[in-house]
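Structural features, examined
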Amino acid sequence: MLPIKPVPAERLPELLRRMPKAELHMHIEGSLEPEQMFALAQRNGLSVPYADVAALRRAYVFNNLQEFLDIYHAGTLVLRTEQDFYDMAWAYLVRAAADNVLHTEIFFDTQTHTGHGLSAEVVINGLHRACVDAQAQLGISAVLILCFLRHLSEAEAFEALEQALPLRDKLVGVGLASSELGHPPEKFARVFAKARALGFRLVAHAGEEGPPAYIWSALDVLKVERIDHGVQALRDPALVARLVHERIPLTVCPLSNLKLRVFSSLTEHNLGRMLEAGLVATVNSDDPAYFGGYINENFTQTFAALGLTARHAYQLARNSFAASFIDASARRAYHDRLDEVFETFE
Ligand code: HPA
Ligand code: ZN
């Protein structure tokens, strides 16, 4: 690891902005800003059940994950065409590039949209076309991870996987999202086994609101390579030891945790303790349109609240590339760009 020069607190936001990074936990439907939601509704001849953008934003107050998921699901009703999915993803990718995100692994689901009468192809083709254009026009790499919705049945997850298979080449992996409590990873053991046999990379949300036991079973039963959130891991020292030893990355989303009341304030967040424990933690935005900020906002607010330093910034950015589903040569190139920014930052 590079020797990291101390950076005064007032210069940290600039370093965090300039720092190359990967984003590994962002649900594309959660990047749909109220302005774009109203615009898509109008284009599709639909209405949004709020008077205006300000009224919609005022509704974004949540006591837990489920309260968020209910509003989030209502927001997806404006998405009707392939172009809608393209436009939503493109808006996120432009925003991510402005935050110096060099690589992003985007979560999406098809079950929400097939439930509204759309086909999986409309969803995947629209998102994938935006990823292709991002590489060409923004110089950032973007790949797609299909999330199964855990509040739905195993049979419905199998159906979603089946529908995605003709578009297999447009996906890198599968994940598991939605209501965690009461829906342990074990419910999806067989569909993850099938996805694994098909060569998909595997991740799952675990330990956001749910207990450490869900993280254990995501690893042992689903055989995931990364844990999304995972902030409850610190309640279980044996689990922490395993995550450190096996270098299992955790995709932490501080502003999401704050808005969904996983922590009562950012000063209570355990990101600093995770890094001190040697966990491969990363910082991500989860649902930036709903939780008050994109990835750099997550970095700057969390660093200010916890008093984190340039050394932590470097570690988190390095972790983000280490945790990415990219090949070794791309990883080396990203690490070199990261080192260059830290070496030349004054
Ligand atoms: N947790 C679970 N499911 C989700 C989330 C989350 O934070 N965001 C979007 N779907
Ligand atoms: Zn999430």
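As a reminder, the structure under discussion sits directly above these lines.
Residues numbered from 1 in each chain as written. Chains lettered and ligands numbered in written order. Predicted model: local features only at pLDDT ≥ 70, side-chain atom pairs only at ≥ 80, totals over all residues. Heavy atoms only, no water.

Let us look at the overall build of the chain. Helices and strands together make up the secondary structure of the chain, namely 17 helices and eight strands. In terms of overall size, the chain behaves like a compact globule, its C-alpha atoms giving a radius of gyration of 19 Å where 346 residues would be expected to give roughly 20 Å. C-alpha atoms of the chain, sized along the principal axes, occupy 55 × 40 × 40 Å. A fraction of 76% describes how many contacts in the chain between residues 6 or more apart in sequence connect residues 24 or more apart. Summed over its atoms, the accessible surface of the chain is roughly 13,400 Å², and 53% of this surface lies on carbon and sulfur atoms. The distance from the centre of the 32 positive side-chain charges to the centre of the 42 negative ones in the chain is 3 Å. (Helix = DSSP H or I, 4+ residues; strand = E, 2+ residues; numbered from the N terminus. Rg over C-alpha atoms; globule rule 2.2 N^0.38 Å. Contact = heavy atoms within 4.5 Å. Areas by Shrake-Rupley, 256 points an atom, 1.4 Å probe, with all protein chains shown as cover. Lys, Arg positive; Asp, Glu negative; His and termini not counted. Charge placed at Lys NZ, Arg CZ, Asp CG, Glu CD.)

With respect to the element layout, Pro-185 can be found in the loop between strand E4 (173-177) and helix H9 (189-197). Its relative accessible area of 0% is what places Pro-185 among the buried residues. Each residue touching Pro-185, except ones within four places of it in the same chain, is listed here: Arg-150, Leu-176, Tyr-214, Ser-217, Ala-218 and Leu-222. (Buried < 20%, exposed > 50% of the residue type's maximum accessible area, 1.4 Å probe, protein only.)

We now examine the site of ligand 1. Contacts to ligand 1 come from His-27, Leu-65, Phe-68, Leu-69, Tyr-72, Ala-177, Ser-178, His-205, Glu-208, His-229, Asp-286 and Asp-287. The contact in question runs from an oxygen atom of ligand 1 to an N or O atom on the side chain of His-229, over 3.2 Å. When ligand 1 is considered free in solution it has 260 Å² of accessible area, and contact with the protein chains removes 98% of it. Its atoms largely coinciding with the cavity grid, ligand 1 occupies the largest pocket. If you tally residues by element for the shell around ligand 1, the top one is helix H4 (residues 65-75), at four residues. Residues belonging to the shell around ligand 1 are distributed by class as follows: five nonpolar, four polar and three charged. (Near = heavy atom within 4 Å. Polar contact = N/O pair within 3.5 Å; in protein donor to acceptor, adjacent residues only side chain to side chain. 1 Å grid on protein atoms, 1.4 Å probe; cavity = no way out; pocket = protein on both sides within 12 Å on 5 of 7 lines; lining within 4 Å. Sits in = over half its atoms within 2 Å of the grid points. Nonpolar A, V, L, I, M, F, W, Y, C, P; charged D, E, K, R; others polar.)

Let us now look at the pattern of salt bridges. Throughout the structure, instances matching the rule amount to 14 salt bridges. In this structure, Glu-154 engages Arg-190 in a salt bridge whose closest nitrogen and oxygen atoms are separated by 2.7 Å. Pair noted here: Glu-154 is in helix H8 (residues 154-164) and Arg-190 is in helix H9, with a separation of 36 residues, a long-range link. A salt bridge links Asp-220 to Arg-242, with the nearest nitrogen and oxygen atoms 2.8 Å apart. Linking Asp-220 in helix H10 (residues 212-222) with Arg-242 in helix H11 (residues 237-245), this pair joins segments that are 22 residues apart in sequence. (Salt bridge = Lys/Arg side-chain N within 4 Å of Asp/Glu carboxyl O.)

Where H8 meets H9, the closest approach of the two axes is 9 Å, and the angle between their N-to-C directions is 20°. Judged on the interaxial angle alone, H9 and H8 are roughly parallel. By crossing handedness, the relation of H8 to H9 is classed as right-handed. Residue-level inspection shows Glu-154, Ala-157, Phe-158, Leu-161 and Glu-162 of H8 in contact with H9, the latter providing Arg-190, Val-191, Lys-194 and Ala-195. Its residues assigned to classes, the contact of H8 with H9 shows five nonpolar, no polar and four charged. (Axes fitted to C-alpha atoms, helices over the stretch in contact; angles between N-to-C directions. Parallel < 35°, antiparallel > 145°, perpendicular 65-115°, else oblique. Left-handed = near helix turned anticlockwise from the far one by under 90°.)

Note that all results are geometric; they support no functional claim without further evidence.
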